[in-house]
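# Geometric and topological summary
For reference, the chains in residue letters:
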Amino acid sequence: PGEYTVTVTSAGKSDTMTVTVEEDPRVEMSPEDRAKRRKAIDTLTSLIRAADEPTRKAIGLTTALTSLTGSWTGPNAVPVPDAAKKAVEDMEAKVKTAAATFTTPAPAGGRGGGGAGARGDFVPPPVTQKLTRLMGMVGNYSGPPTSLQLAEIEEASAELQKGAAEINALWEEVPTLNKTLMDAGVAYFKVTLPATVPPPGRGRGGN
């Protein structure tokens, strides 16, 4: 709530005016509950923004490593020494584990969605999906966040912090891995960060 200055620009012309935003009179909340709701929304907004960079790094690392190993299997591919392969495989395994905090892993074996057969193993949803879900639950409800929602926000914050630290540590390992590849006579790889992050899907985390 409060007064805000809004500027609208169209066809090279601008117009500025002040608008007053008021609370919905149909919503009855105490000042304390309003403050709790606002604090939760502000916290979730900050967490979602903080998840952007490590998510892009996770996607970039995964894509670069997949492209690198794919280049080794072509008909004209140059043989890769075992030590170099092992270094890349180790990095791939670590990236896959760390990236699961931010992205939904692809189904094993490329399984499609058939109606028959047993369901796959439970895969926890990425933290980005958790944060988006919580933002929807808190932001779309005219009331204070529940104790469970507050606990989930704290849990997601800790998960985000841990996952970001893991991704950043792997990011720092890229020059060392590239040196190993170059010493083995293998072309190094370059990580390109995606400009945007795909919106988190529903994933396979269940209800």
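Computed from a predicted model, the values in this text were never measured in an experiment.

## Let's talk about the overall build of the protein
Looking only at helices and strands, one finds five helices and two strands in the protein. Classification of the 207 residues of the protein by burial places 28% in the buried group. Sequence separation of at least 24 residues holds for 71% of the intrachain contacts in the protein that already meet a minimum separation of 6. For the protein, the accessible surface area stands at approximately 13,800 Å², while carbon and sulfur atoms represent 55% of it.

## Considering the pattern of salt bridges
In this structure the tally under the stated criterion is nine salt bridges. Here Lys94 and Glu173 are joined by a salt bridge, their closest N and O atoms 3.0 Å apart. On the criterion of sequence distance, the pair formed by Lys94 in helix α3 (residues 82–99) and Glu173 in helix α5 (residues 147–183) is long-range, its members being 79 residues apart. Given a relative accessible area of 30%, Glu173 falls into the partly exposed group. The salt bridge involving Lys130 is made with Glu159; its shortest N-O contact spans 2.7 Å. Placement of the pair is Lys130 in helix α4 (residues 127–139) and Glu159 in helix α5, with a sequence separation of 29 residues.

## Brief notes about the environment of Val95
Mapped onto the elements, Val95 comes out in helix α3. Residue classification places Val95 among the buried residues on the basis of a relative accessible area of 2%. Taking the C-alpha atoms as reference points, Val95 and Leu61, separated by 34 residues in sequence, lie 7.2 Å from one another. Among all residues touching Val95, those that are not within four sequence positions of it are Leu61, Thr62, Leu65 and Leu170.

## Brief notes about the confidence of the model for the protein
Confidence in the prediction of the protein, expressed as mean pLDDT, is 86, and 86% of residues score 70 or more. Ranking the helices and strands of the protein by mean pLDDT puts α5 first, with 96, and strand β1 (residues 2–10) last, with 85. Of the regions scoring below 50 in pLDDT, residues 110–116 engages in two contacts with residues more than four places distant in sequence or in other chains. Counted against residues more than four places away or in other chains, residues 202–207, with its pLDDT under 50, gives twelve contacts.

## A look at the packing of α4 against α5
The geometry of α4 relative to α5 is characterised by a closest axis approach of 10 Å and an angle of 155° between their N-to-C directions. If you check the angle between α4 and α5, you find them roughly antiparallel. As α4 packs across α5, the resulting crossing turns out to be left-handed. Here Val127, Lys130, Leu131, Arg133, Leu134, Met137 and Val138 of α4 lie close against α5, whose contacting residues are Gln149, Glu152, Ile153, Glu155, Ala156, Glu159 and Leu160. Counted by class, the contact of α4 with α5 contains eight nonpolar, one polar and five charged residues.

## Structural notes on the nonpolar core
By size, the foremost hydrophobic cluster in this structure holds 36 residues, and its most contacted members are Leu44, Leu65, Trp72, Val88, Leu181 and Phe189. Of all the elements in the fold, those that place two or more residues in this core are α1 (31–50), α2 (52–70), α3, α4 and α5. The leading source of residues in this core is α5, at nine residues. Apart from residues lying up to four places away in sequence, Leu65 is in contact with Val88, Met91, Glu92, Val95, Leu177 and Phe189.

## Points about a nonpolar patch on the surface
Together, Tyr4, Val6, Val8, Met17 and Val21 line one region of the surface with nonpolar side chains, adding up to about 440 Å² of accessible area. If you list the elements that add at least two residues to the nonpolar patch, you get β1 and β2 (13–21). Per element, the largest residue contribution to the nonpolar patch is three residues, and it comes from β1. Along the chain, Met17 turns up in strand β2.

## Regarding α5
Here α5 spans 55 Å end to end across 37 residues, near enough to the 54 Å set by a 1.5 Å rise per residue. Of the positions making up α5, those classed as buried are Gln149, Ile153, Ala156, Leu160, Gly163, Ala164, Ile167, Leu170, Val174, Leu177, Asn178 and Leu181. The secondary structure elements touched by the buried residues of α5 are α1, α2, α3 and α4. Where α5 terminates, the next one or two residues include Gly185, which has phi positive at roughly 80°.

Each value, and the rule that gives it
Residues numbered from 1 in each chain as written. Predicted model: local features only at pLDDT ≥ 70, side-chain atom pairs only at ≥ 80, totals over all residues. Heavy atoms only, no water. Helix = DSSP H or I, 4+ residues; strand = E, 2+ residues; numbered from the N terminus. Buried < 20%, exposed > 50% of the residue type's maximum accessible area, 1.4 Å probe, protein only. Contact = heavy atoms within 4.5 Å. Areas by Shrake-Rupley, 256 points an atom, 1.4 Å probe, with all protein chains shown as cover. Salt bridge = Lys/Arg side-chain N within 4 Å of Asp/Glu carboxyl O. pLDDT = per-residue confidence, 0-100. Axes fitted to C-alpha atoms, helices over the stretch in contact; angles between N-to-C directions. Parallel < 35°, antiparallel > 145°, perpendicular 65-115°, else oblique. Left-handed = near helix turned anticlockwise from the far one by under 90°. Nonpolar A, V, L, I, M, F, W, Y, C, P; charged D, E, K, R; others polar. Core = buried A, V, L, I, M, F, W, Y, C linked by side-chain atoms within 4.5 Å. Patch = residues over 30% accessible without salt bridge, like charges linked within 9 Å, V, L, I, M, F, W, Y side chains within 5 Å. Expected span 1.5 Å × (residues − 1).

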